[in-house]
Amino acid sequence: MPMIRNGLLAITACLLAAMPALAQDTRVLDAFETTGAWEADASTDVTSTIRTVPGREGQALRLDFDFNGRAGYAFAAREIDLTLPDNYEISFWVRGVGPSNTFEVKFTDAENENVWWRQITRYDFPDDWTLFTIKRRQVTKAWGPGEDPVLREAARMEFVVVAAEGGSGHIEIDQLTLRELPPEPAVPLRPLASATSEAEGFGAVNAVDGDPSTVWRTADGGFQNLTLDLGYEREFGGLTLRWQDDGWADRYRVDISNDGRDWTFLTQVDYGDGGTDWLRLPETSARYIQLQLIDGMPLYGLAEVEIEPLAFGADQTAFITAVASESRRGLYPRGFHGEQPYWTLVGVDGGGESGLMGEDGAIELRRGGPSIEPFLLEDGRLTTWADVNITQGLRDDDLPMPWVQWQANDLTLKIDSFADGTPENSRLFGRYALTNTSNRARTVTLALMARPYQVNGPKQFLAVPGGVGPIVQVDWTGGELVLNDDTRVRPLVMPDAVAASLFASGADPHSLLTRPDRRQPVDERLVESDDGLMAGALFYEVTLQPGETRQFGWMLPMAGTPDPLPVTGSVEAALDAVEDRVAADWRAKI
């Protein structure tokens, strides 16, 4: 077997050596030391000007624009004699000030009839100089009579700002370059792996051999490196790391390089929890990948490092869909499993902000936003929507006040949602009634998770695309669970504990809810921030006698300053008073 493995490694090394060398041919198309070749223009009623300003290197081009309250576009353009190789990237440095608008880089042929572009909608121009790279595959045909969809030559180039939010602002461009890239093989080659240490019989090659039953295991703990040589500059959208049960890293980082000498930081995980780590790394390109293990188990064990395609990290929704496909059913909403979820709008008469209630009991907190999803825990066992019998209905069968009921293991959980107020002053409610239908006492935990997923599924569109509803911050203040600074969930019963987690540290229900050590007392402030995929949770632990029901709930101000809740002796009475009033109002209107 060692002879076979060594032979395979030798063949792989020969194939890598035969690959085209990393392209070094970078050509400066415009250094922007002057703007004489450029001209500014705009659509009717939109103003634009260009000028030279200090750049990242020397001078830069500045395009000022003002949409003057109108739709339209502003652009800077120049003639250019550009012949493109078979594979390439076009890069420039950009920064800007202004509202979120559509950014387009356009290329036109000599006849000015065929147009290709790289278009990014809702682009927020960075405050600091940021490298903007366009790959060959990202340049698409915009319009024109020509049959060839591929950009091969261009006679004119434009930087265009198209109104989305509109407003006024400016963008600055510096160091426009073209770099020829080697052709990519039809099938990616298996990487070569090297490490700072290897236990005997557990070499670094095991981490990239496509066999999860083999393991790279270190001979020592502490700081260790695993370096992958992909053989050529390869594009990818993320990494999947499959750790051994007794060998994960709590802290590690990922760096990339094109020459194996100069490294660029990509991402870092500070609270790893083992198992499988999915890392979203959108639009990444490198020949070398280095995994730096900083701290963790006494010895590290990594079964597999999988280099994911670009589609894996295309956006957060695509990423979570890929993660859900590998996860236990019920840990992610059914929409991420390719199923069509059904939902009901929850709002007040006359429109305004609204929520959605899904068929499985999750409640979306605002249009396109995150949701609150229930889970049950008993004796360490997690119960999700996929583990129960579910029924749905409306109050009195016809009022726009939906409910969902779970039944499983002699427990019943009824979830109601309704909205109160006017379009200018409205609030959304979630109500949970947990009943023990068995003949014995039960100690059960109801966990209400704030999750970065809309009730509206990834393949559906309701004013905004469905899928991920980002949570970039969770803040437990002692009385409110604040999401993204503007979504303030007020529990009507004080929870017994709270928790929050970054995605990379385990924000799925099993990781966050089933480990008591991740819970925090409610009298302590809890603030966590992430890139949009984090989660939080409120825990209610109750002991229910046979036939006993306990109720919990929350209120979310959606608009304005809603009226205070009725003063009563119990949360049940307060919710009954509001819900009965809302039902009476709807009955009078219907």
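Residues numbered from 1 in each chain as written. Predicted model: local features only at pLDDT ≥ 70, side-chain atom pairs only at ≥ 80, totals over all residues. Heavy atoms only, no water.

**With respect to empty space enclosed by the protein**
Going through the model one piece at a time under the given rule, you end up with four cavities of 30 Å³ or more. Each pocket or cavity is described by its volume, and for the largest cavity that value is around 180 Å³. As for the largest cavity, its lining consists of 21 residues, of which Pro333, Arg334, Asp360, Ala362 and Val455 are closest to the centre. Per-class residue counts for the lining of the largest cavity are 10 nonpolar, seven polar and four charged. In this structure, the second largest cavity spans a volume of roughly 80 Å³. In the lining of the second largest cavity, the residues fall into seven nonpolar, four polar and two charged. (1 Å grid on protein atoms, 1.4 Å probe; cavity = no way out; pocket = protein on both sides within 12 Å on 5 of 7 lines; lining within 4 Å. Points joined across faces, edges and corners; volume = space filled by probe spheres on them. Nonpolar A, V, L, I, M, F, W, Y, C, P; charged D, E, K, R; others polar.)

**Looking at the nonpolar core**
Counting 54 residues, the largest nonpolar core has Leu428, Tyr432 and Trp554 as the members making the most contacts within it. With six residues, helix 4 (residues 571-589) is the single largest residue contributor to this core. Not counting chain neighbours up to four residues away, the residues in contact with Trp554 comprise Ile363, Leu365, Ile372, Leu428, Phe429, Gly430, Tyr432, Leu448, Val489, Arg490, Pro491 and Leu492. Judged by nonpolar contacts, the second largest core, of 37 residues, contains Val46, Val105, Met157 and Ile171. (Core = buried A, V, L, I, M, F, W, Y, C linked by side-chain atoms within 4.5 Å. Buried < 20%, exposed > 50% of the residue type's maximum accessible area, 1.4 Å probe, protein only. Helix = DSSP H or I, 4+ residues; strand = E, 2+ residues; numbered from the N terminus. Contact = heavy atoms within 4.5 Å.)

**Some details on the sheet that holds strand 8 (residues 115-123)**
The strand order 2-5-11-7-8-10 describes an open sheet built from six strands, whose pairing is antiparallel. Of all the strands in the sheet, just strand 2 (38-42) and strand 10 (140-143) have a single pairing partner and so form its edges. Direction aside, neighbouring strands of the sheet carry axes that sit 35 degrees apart on average. Both strand 2 and strand 5 (residues 73-83) contribute to a ladder of five bridges, which runs antiparallel. Pairing of Trp38 across the sheet is with Arg78, part of strand 5. (Pairing = 2+ DSSP bridges. Axes fitted to C-alpha atoms, helices over the stretch in contact; angles between N-to-C directions.)

**Notes on the pairing of strand 21 (residues 355-358)**
Neither face of strand 21 is exposed, since Gly355 and Met357 on one face and Leu356 and Gly358 on the opposite face are all buried. For strand 20 (residues 343-346) and strand 21, the ladder comprises four bridges, and the chain directions are antiparallel. Each bridged residue has a counterpart across the sheet, and for Leu345 the counterpart in strand 21 is Leu356. In this sheet, strand 22 (residues 363-364) lies alongside strand 21 in antiparallel orientation, the contact comprising two bridges.

**Quick word on the environment of Asn112**
Position of Asn112 relative to the elements: it lies in the loop between strand 7 (101-108) and strand 8. With 443 residues separating them in the primary sequence, Asn112 and Met555 have C-alpha atoms 58 Å apart.

**Details of unusual backbone geometry**
Within the chain, Asn112 stands out as a residue other than glycine whose phi angle is a positive 60 degrees. Backbone geometry at Gln175 places phi at a positive 55 degrees, although glycine is not the residue there. You can see Gln175 is positioned in strand 12 (residues 168-180). Assessed through its relative accessible area of 14%, Gln175 is described here as buried.

**Description of the pattern of salt bridges**
The final tally for this structure, using the stated rule, is 49 salt bridges. Residue Glu57 is joined to Arg56 by a salt bridge in which the shortest nitrogen-to-oxygen separation is 3.3 Å. According to the relative accessible area criterion, Glu57 is partly exposed, its value standing at 41%. Judged by its relative accessible area of 38%, Arg56 falls in the partly exposed class. Two residues, Lys135 and Glu89, come together in a salt bridge whose shortest N-O distance is 2.6 Å. Of this pair, Lys135 sits in strand 9 (residues 130-135) while Glu89 sits in strand 6 (residues 88-97), and the two are 46 residues apart along the sequence. Here Lys135 matches Glu89 in class, with each residue buried. Linked by salt bridges that have partners in common, Arg51, Arg62, Asp64, Arg95 and Glu172 make up one network. (Salt bridge = Lys/Arg side-chain N within 4 Å of Asp/Glu carboxyl O.)

**Brief notes about the confidence of the model for the protein**
Segments scoring low in pLDDT should not have their predicted coordinates read at a detailed level. Per-chain confidence: the protein averages 92 in pLDDT, with 95% of residues scoring 70 or above. Taken as a whole, residues 1-23 scores under 50 in pLDDT and shows 28 contacts with residues more than four places along the chain or in a different chain. (pLDDT = per-residue confidence, 0-100.)

**Some thoughts on the packing of aromatic side chains**
Taken as a whole and assessed by the stated rule, the structure comprises 21 aromatic pairs. A ring pair is formed by Trp38 and Phe159, whose centres lie 5.5 Å apart and whose planes are at 25 degrees; its orientation type is stacked. Placement of the pair is Trp38 in strand 2 and Phe159 in strand 11 (residues 153-162), with a sequence separation of 121 residues. With respect to class, Trp38 is no different from Phe159; both count as buried. Following the ring pairs from residue to residue traces out a cluster consisting of Phe32, Trp38, Phe92, Phe103, Tyr123, Phe125, Phe132 and Phe159. In this structure, Arg56 packs its charged tip against the face of Trp93, placed 3.6 Å from the ring centre. Cation over ring: Lys589 sits above Trp586, and NZ or CZ is 5.8 Å from the ring centre. (Phe/Tyr/Trp six-rings, centres within 6.5 Å; stacked < 30°, edge-to-face > 60°. Lys NZ or Arg CZ within 6 Å of the ring centre and 35° of its normal.)

**Observations concerning the environment of Tyr88**
Position of Tyr88 relative to the elements: it lies in strand 6. Once the C-alpha coordinates of Tyr88 and Asp25 are considered, the two residues, 63 residues apart in sequence, prove to be 9.9 Å apart. Discounting residues that sit within four places of it in the chain, Tyr88 has contacts with Ile134, Lys135, Arg136, Val139, Leu151, Leu178, Arg179, Glu180 and Leu181.

**Some details on the sheet that holds strand 33 (residues 481-483)**
Here we have nine strands laid out as an open sheet, ordered 25-26-27-28-38-34-33-32-36, and antiparallel in their pairing. Either end of the sheet is taken by a strand with one partner, and the two such strands are strand 25 (389-394) and strand 36 (526-532). Taking the axes of each pair of neighbouring strands and ignoring which way they run, one obtains an average angle of 15 degrees across the sheet. Across the sheet, helix 4 touches strand 27 (411-421), strand 28 (426-436) and strand 38 (549-559), and the angle it forms with strand 27 is around 55 degrees.

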